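Okay, here's what each chain looks like letter by letter:
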Amino acid sequence: MIDSADLAANLSEALAGVFERARRSLVVVHNGRNGAGAGVVWRSGGIVVTNNHVVARGRPRISLMDGREVPSRLVAAEPEIDLAILHADLNGDYDLDIPAAPIADSRSLQVGQIVLAIGHPWGQLAAVSAGILTGLGEAQVRGRRGKVPVLRTDVGLAPGNSGGPLMNAGGGVIGINTMIVGGDLGVAIPSQVVDRFVMETLGEELLQASW
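Computed from a prediction, not measured in an experiment: that's the story for all the values here.

Caption draft 1: Main features of the pairing of strand 13 (residues 187-190). Across two bridges, strand 10 (residues 147-153) lies against strand 13 in antiparallel orientation. Across the sheet, the residue bridging to Leu151 is Ala188, located in strand 13. Pairing of strand 12 (residues 173-178) with strand 13 involves four bridges; the strand directions are antiparallel. Opposite Ile176, over in strand 13, you have Ile189 as the bridge partner.

Caption draft 2: Region of the structure containing the side chain of Thr50. One can find Thr50 in strand 3 (residues 47-50). Separated by 2.6 Å, the side chain of Thr50 and the backbone oxygen of Ala38 make a polar contact.

Caption draft 3: Expanded view of the sheet that holds strand 6 (residues 72-78). Taken in spatial order, the seven strands of this open sheet run 5-4-1-2-3-7-6, and their pairing is antiparallel. In this open sheet, the two edge strands, each paired with only one partner strand, are strand 5 (69-70) and strand 6. One ladder, built from three bridges, connects strand 2 (residues 36-43) with strand 3; its direction is antiparallel. Considered in strand 3, the bridge of Arg43 is made with Ile47.

Caption draft 4: Focus on the sheet that holds strand 10. Here six strands make up a closed barrel; going around it, the order is 8-9-10-13-12-11 and the pairing antiparallel. For this sheet, the mean angle separating the axes of adjacent strands, direction not counted, is 45°. Here strand 11 (residues 165-168) pairs with strand 12 via three bridges, running antiparallel. The residue bridging Pro165 from the neighbouring strand is Ile176, located in strand 12.

Cut-offs applied
Residues numbered from 1 in each chain as written. Predicted model: local features only at pLDDT ≥ 70, side-chain atom pairs only at ≥ 80, totals over all residues. Heavy atoms only, no water. Pairing = 2+ DSSP bridges. Helix = DSSP H or I, 4+ residues; strand = E, 2+ residues; numbered from the N terminus. Polar contact = N/O pair within 3.5 Å; in protein donor to acceptor, adjacent residues only side chain to side chain. Axes fitted to C-alpha atoms, helices over the stretch in contact; angles between N-to-C directions.

What follows is the structure, encoded as structure tokens:
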């Protein structure tokens, strides 16, 4: 017979470990105004993904969880899918070893799975929220795409969560949280859409190059 108390303790310990690992790849993206969103190191070499609406108005800056700011620049933005790519100079004065987040295949997801969202809601750094994947669908967008795949969850998002990772229970990033695409809370752009955007923008050769 399974002891429910032991099961709960083991689950809590496992989720805490997932959070600590995910936190290592999380950054703060300042938008040049008074607000800030989240970003995640998507590829080694300082390739950071966030939401387009986080960086659309103003010159974006990146800071780490300890408050240190690193030189960064906007590489590309795609308003239709609310994604943007930044390059953070992690090999500058700090010579930082910040790992890329593990990326999971969002095409294998099933409704009912546990999901975790990490971001900076209302300025609270690296806050985590848990919920359930409630739907796999599409959202209407303006422009040539017409529609974009989205993940829907019951995770409550707030200003500051935008651009942060949505993860499965194992810590794999399955999407980027957004409060723009989809028209409601608890929406994320699936990881396969994000990865395609990164690859199409930078190319395999550039991803392997030294920045």
